[in-house]
Amino acid sequence: MTERTFSIIKPDATKRNLTGKVNAVIEDAGLRIVAQRRIKMTKAQAEKFYEVHAARPFYGELVEFMTSEPVVVQVLEGDNAVARYREVMGATNPEQAAPGTIRKLYALSVGENSVHGSDSQENAAIEIAQFFTAADIPG
Ligand code: CMP
């Protein structure tokens, strides 16, 4: 089923000029980038986005990292896009990520792991709405 997911190319990747290389992996996997914007996240945006992790010991570090450099927020579209993108990203910890995945190729650590992808269709819709309006997504 064609669906959409939300992606972030994180500061460790934008800082190393890896936006194009990450996008190549996404597109080669059959996902279409239907919206994309490079932004500097505000502290309030990052805190809200990662609200679900607020009680975790790494929350402060995570918010600091996500606001340290620009990120690229994206909407990806394709067959089973949520699950497909999670496959393409690889495991959160790059040491456990499968060969050929974005995190295996480019991530530095479990924190600086180059990309984010929504974990469910419900969260994809919530996350997309935090950064895009319908008019931003021509399809
Ligand atoms: P993401 O998919 O964006 O969702 C939550 C993020 O928290 C995760 O990717 C990692 O970047 C980060 N994260 C998860 N575990 C840790 C950890 N142990 N230390 C630091 N950051 C973490």
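**Q** Residues and numbers for the layout of surface pockets, please.
**A** Within this model, the largest pocket holds a volume of roughly 780 Å³. Breaking the lining of the largest pocket down by element, the ones donating at least two residues are α3 (43-49), α4 (59-66), α5 (81-89), β4 (115-117) and α7 (121-131). Sorting elements by how many residues they give to the lining of the largest pocket places α7 first, with four residues. The residue inventory of the lining of the largest pocket, partitioned by class, reads ten nonpolar, ten polar and ten charged.

**Q** So what's going on with the nonpolar core? Which residues, and what values?
**A** Side chains of a nonpolar character, in soluble globular proteins, are inclined to be buried together. Formed by 21 residues in total, the largest nonpolar core has its most connected members in F6, I8, M41, M66, V73, F131 and F132. Counting residues per element, the ones that place at least two in this core are β1 (2-9), β2 (32-39), α3, α4, β3 (71-79) and α7. Counting residues per element, this core draws most heavily on α4, which supplies five residues. Non-local contacts of F132, meaning those with residues more than four positions away in its chain, are made with F6, A35, Q36, R37, V73, Q74, V75 and I137.

**Q** How would you summarise the sheet that holds β2 if you had to cite specific residues and measurements?
**A** Read from one edge to the other, the open sheet built from four strands follows the order β2-β3-β1-β4, with strand pairing classed as antiparallel. The strands lining the two open edges of the sheet, one partner per strand, are β2 and β4. Strand-to-strand twist of the sheet, defined as the mean angle between neighbouring strand axes without regard to direction, takes the value 20 degrees. Where β1 lies against β4, three bridges are found, and the strand directions are antiparallel. Of the residues in β4, the one forming a bridge with S7 is G117. Contacts from α7 reach β1, β2, β3 and β4 within the one sheet, and its direction differs from that of β1 by about 55 degrees.

Rules and cut-offs
- Counting starts from 1 at the beginning of each chain's written sequence and moves along it residue by residue.
- Per-residue local features are limited, in this predicted model, to residues with pLDDT of at least 70; the limit for side-chain atom pairs, both in listing and counting, is 80 or more; totals at the level of whole chains, interfaces and linings are taken over all residues.
- For the side-chain quantities, the full set of heavy atoms in the structure was used; hydrogens and water were omitted.
- Definitions used for this entry: grid spacing 1 Å over protein atoms alone; cavity, a set of points where a 1.4 Å probe fits but cannot get out; pocket, an open set with protein on both sides within 12 Å along at least 5 of 7 lines; lining residue, one with an atom within 4 Å of a point.
- Grid points are joined across faces, edges and corners, and a volume is the space filled by probe spheres set on the points.
- Secondary structure counts use DSSP, requiring at least four H or I residues in a row for a helix and at least two E residues in a row for a strand, with both numbered from the N terminus.
- For this scheme, ten residues count as nonpolar: Ala, Val, Leu, Ile, Met, Phe, Trp, Tyr, Cys and Pro. Four count as charged, namely Asp, Glu, Lys and Arg, and the remainder, Gly too, count as polar.
- Buried Ala, Val, Leu, Ile, Met, Phe, Trp, Tyr and Cys residues that are joined via side-chain atoms within 4.5 Å together make up what is termed a nonpolar core.
- Accessible area is worked out with a 1.4 Å probe on protein chains only. A residue is then buried under 20% of its type maximum, exposed over 50%, and partly exposed in between.
- Contact definition: two residues touch when any of their heavy atoms are within 4.5 Å.
- Here a strand pair is declared whenever DSSP counts at least two bridges between the two strands.
- Between the N-to-C directions of two axes lies an angle of 0 to 180 degrees, each axis being a line fitted to C-alpha atoms and, for a helix, fitted only over the stretch in contact.

As far as function goes, none of this settles anything; it's purely spatial.
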